[in-house]
Amino acid sequence: MKLVFATNNPNKLKEVQEILPPTIELLSLADINCFDEIEETATTLEGNAKLKANYITEKFGYNCFADDTGLEVQALNGQPGVYSARYASEPVNSENNMHKLLNELEGKNNRNAQFRTSICLNLDGEQFLFDGVCEGEILTSKQGVEGFGYDPLFKPKGYTISFAEMDSSEKNRISHRGLAIQKLIKFLASF
Ligand code: IMP
């Protein structure tokens, strides 16, 4: 089965490719010659995942899934959440986002946080949603160089190392996106 993953993020593609069974041929946006900037204008993770999946299905006619992820920090009332990608001001990048997060949490004892991923799958005219949550806490300084985004600041519950200190297979096993993808795979296998 050919399935488009509506992302331009090579890290996400690599993570997902590692989990999917070989019966599913994963296509990136570049593989289908889609170089459009798909605006994430919804106010929820689910809304953005739907928006991206629908754009591809409607314009290119492929079965497709899209994800949106947010980092929800308890002491910040769930922020940055759906706005995690553009948390800090310009230029938009992970270094600035992490810097802002550390500043916002300075002096706060509660550093509990969770990553949440929402996946929308458009398959043969029907739409299905899957989610995955990974609880943990925000470290007081960056640790590790693997992964991407907020990984150096996120220590999953029950671990002494950050996501950025794990290899990708270990992160995949417990991460928000890994768990959501595992639900997606289970679903596809039963289809
Ligand atoms: P999006 O799902 O690509 O829109 O991601 C939203 C924001 O969360 C971006 O800043 C990403 O870098 C960050 N992000 C998404 N997934 C992860 C992850 O697995 N680890 C760390 N940061 C992530």
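Provided above is the structure to which this section pertains.
Residues numbered from 1 in each chain as written. Predicted model: local features only at pLDDT ≥ 70, side-chain atom pairs only at ≥ 80, totals over all residues. Heavy atoms only, no water.

Asker: What exactly am I supposed to notice about unusual backbone geometry here?
Answerer: Across residues other than glycine, the phi torsion is negative in most instances, and most of the peptide bonds are trans. In the segment running from Gln79 into Pro80, the intervening peptide bond is cis, with an omega of -5°. Tracing the backbone through its elements, the reader meets Pro80 in strand E4 (residues 79-81). A positive phi angle is found at Asn33, which is not glycine, with a value near 60°. Relative to the helices and strands, Asn33 is located in the loop between strand E2 (25-27) and helix H2 (45-60). Residue Asn33 is classed as exposed on the basis of its relative accessible area, which comes to 58%. The phi dihedral of Asp124 is positive, around 50°, even though this residue is not glycine. Mapped onto the secondary structure, Asp124 falls in the loop between strand E5 (112-123) and strand E6 (126-138). (Helix = DSSP H or I, 4+ residues; strand = E, 2+ residues; numbered from the N terminus. Buried < 20%, exposed > 50% of the residue type's maximum accessible area, 1.4 Å probe, protein only.)

Asker: Looking at this structure, how should I read the pairing of E5?
Answerer: Two faces, one strand: in a regular strand the side chains alternate between the faces of the sheet. The buried count for E5 comes to 10 of 12 residues, which makes it a mostly enclosed element. Pairing analysis gives 10 bridges linking strand E3 (residues 64-73) to E5, with the strands arranged antiparallel. Its bridge partner lying in E5, Val73 is registered against Ala113. Pairing analysis gives 12 bridges linking E5 to E6, with the strands arranged antiparallel. Paired with Asn122 across the strands is Gln127, a residue of E6. Between E5 and E6, which pair antiparallel in sequence order, lie 2 residues; one of them, Asp124, sits at a positive phi of approximately 50°. (Pairing = 2+ DSSP bridges.)

Asker: How do you make sense of the side chain of Ser175 when you look at a structure like this?
Answerer: In this structure, Ser175 sits in the loop between helix H4 (168-174) and helix H5 (176-189). In this structure Ser175 comes out as buried when scored by relative accessible area, which is 0%. Within the structure, the side chain of Ser175 is placed 2.9 Å from the backbone nitrogen of Gly178, a separation counted as a polar contact. Leaving out residues up to four positions away in the same chain, Ser175 has contacts with Cys134 and Phe163. (Polar contact = N/O pair within 3.5 Å; in protein donor to acceptor, adjacent residues only side chain to side chain. Contact = heavy atoms within 4.5 Å.)

Asker: Looking at this structure, how should I read the packing of aromatic side chains?
Answerer: For any two aromatic rings, the description comes down to two numbers: the centre-to-centre distance and the angle of the planes. One pass over the full model with this rule turns up 6 aromatic pairs. Between Phe5 and Phe65, the ring centres sit 4.6 Å apart and the planes meet at 15°, which makes this aromatic pair stacked. Placement of the pair is Phe5 in strand E1 (residues 2-5) and Phe65 in strand E3, with a sequence separation of 60 residues. Every member of this aromatic cluster is reached through a ring pair, and the members are Phe115, Phe154 and Phe163. Residue placement shows Lys171 over the ring face of Phe163; its charged tip is 5.3 Å from the ring centre. (Phe/Tyr/Trp six-rings, centres within 6.5 Å; stacked < 30°, edge-to-face > 60°. Lys NZ or Arg CZ within 6 Å of the ring centre and 35° of its normal.)

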